[in-house]
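# A structural walkthrough
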Amino acid sequence: MSEIGTIVLSVIFILGGIFFFATATIGLLRFPDFFSRLHATGKGDTLAVLLCLIGLAIYEGISLTGLKIVFIAVFMALAQPTATHAISRAALRRGIQPWTKGEDKK
Amino acid sequence: MMNQFFLGTGMGISVLVLLVLYRVVFGPGVYNRIAALSAIGTKTLIILLIMGFVFQRVEMFVDISMVYALLNFIGCVAVAKYLEMES
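Here's a quick rundown of the structure. As the structure is a computational prediction, the values presented were derived from the model and not from experiment. (Residues numbered from 1 in each chain as written. Chains lettered and ligands numbered in written order. Predicted model: local features only at pLDDT ≥ 70, side-chain atom pairs only at ≥ 80, totals over all residues. Heavy atoms only, no water.)

### Points about the overall build of chain A
Just so we agree on the cut-off: Runs of H or I in DSSP of at least four residues are treated as helices and runs of E of at least two as strands, each being numbered from the N terminus. Each radius of gyration reported is based on C-alpha atoms, and the globular scaling rule is 2.2 Å times the count of residues to the power 0.38. Contact criterion: two residues are considered in contact whenever any of their non-hydrogen atoms come within 4.5 Å of each other.
Within chain A, the secondary structure is distributed over 3 helices and 0 strands. In sequence order, chain A lays out its α and β elements as α-α-α. Against the 2.2 N^0.38 benchmark of 13 Å for 106 residues, chain A shows a C-alpha radius of gyration of 17 Å, more extended than a compact globule. Seen along its three principal axes, the alpha-carbon backbone of chain A occupies a region of about 55 × 25 × 15 Å. Counted over contacts in chain A with a minimum sequence separation of 6, partners at least 24 positions apart contribute 71%.

### Some thoughts on unusual backbone geometry
Residue and element names in this part refer to chain B. Put simply, the test is: Burial classification: accessible surface area is computed with a 1.4 Å probe over protein chains only, and a residue below 20% of its type maximum counts as buried, one above 50% as exposed, and the rest as partly exposed.
Here Gln56, not a glycine, exhibits a phi torsion of approximately 65°, which is positive. Counting through the fold element by element, Gln56 comes out in the loop between helix H2 (30-54) and helix H3 (58-86). For Gln56, a relative accessible area of 60% translates into the label exposed.

### Things to note about the nonpolar core
To be explicit about the condition: Residues belong to one nonpolar core when they are buried, are Ala, Val, Leu, Ile, Met, Phe, Trp, Tyr or Cys, and are joined through side-chain atoms within 4.5 Å.
Counting 35 residues, the largest nonpolar core has Phe21 and Leu53 of chain A together with Phe6 and Ile46 of chain B as its most contacted members. At the level of elements, helix H1 (3-30), helix H2 (34-60) and helix H3 (64-93) of chain A together with helix H1 (2-26), H2 and H3 of chain B are the ones that each hand at least two residues to this core. By residue number, the principal contributor to this core is H2 of chain B, which donates 10 residues. The next biggest cluster of nonpolar side chains, apart from the first, holds 14 residues, and it includes Ala83 and Ala86 of chain A together with Ala35 and Ala80 of chain B.

### Regarding the side chain of Glu84 of chain B
Residue placement: Glu84 of chain B occurs in helix H3. Relative accessible area serves as the criterion here: at 14%, Glu84 of chain B is assigned to the buried category. When sequence neighbours within four positions are dropped, the list of residues in contact with Glu84 of chain B reads Arg89, Ala90 and Arg93 of chain A.

### Concerning the packing of aromatic side chains
As a reminder, the rule being used: Geometry of aromatic contacts follows a simple scheme: Phe, Tyr and Trp rings, the Trp one being its six-membered ring, pair when their centres are within 6.5 Å, and the pair is stacked under 30 degrees between planes, edge-to-face over 60, tilted otherwise.
Under the definition given, this model contains 10 aromatic pairs over all chains. Arranged with centres 5.3 Å apart and planes meeting at 70°, the rings of Phe19 of chain A and Phe20 of chain A form a pair that is edge-to-face. Taken together, the aromatic side chains of Tyr59 of chain A together with Phe5, Phe6 and Phe53 of chain B make up a single cluster linked through ring pairs.

### Some points on the interface of chain A and chain B
Cut-off, in case you're wondering: Using a 1.4 Å probe, buried area is obtained as the accessible area two parts lose upon being combined, added over both of them. For this document, the term salt bridge refers to a Lys or Arg side-chain nitrogen within 4 Å of an Asp or Glu carboxyl oxygen.
Listed by partner, the interface residues are 42 residues for chain A and 42 residues for chain B. In total, chain A and chain B occlude about 3700 Å² of area from one another, counting both sides; carbon and sulfur atoms represent 78% of this. Joining chain A to chain B, the criterion identifies 4 salt bridges. Residue Glu84 of chain B is joined to Arg89 of chain A by a salt bridge in which the shortest nitrogen-to-oxygen separation is 3.9 Å.

Printed below as a string of structure tokens:
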């Protein structure tokens, strides 16, 4: 792969990550309920972090630093859903009811 | 060329961090605040790596970013467990 191809591929990945960061932020600000907000930010942030880290690793190339970036990507793919699950299970066990249609926002 | 791209990317993610900060400050209840803090932590991870690319010191900032990811995960799970056992 040539130099310009590597740069174009990494820019495409990073812009996709920015897009999913923006959608996760809009979901966190606009959704009516705690569980739906957590759904938006958990999934969107996981995908956005993976896309951004893969783009940066492609731009860095094959080296020890690129390997560390790939390691961070693997770690985030495991850790982010675990943290989201822990928060939602804690909220459900403390008795926060999920939002249904027709209720007020809370 | 790529330097300006990384600068613009970092500034865009910083604007998103400021938007999420609204949910941290005014969010109803403690769980919304924890979720928003976790989102801010993931965004900060990417900002740290982009700072490394801007300053041409990636091999230093990648270690800081790794530690930040670990601390964000451990803090999130610890606060969730504390709130679960509190009642």
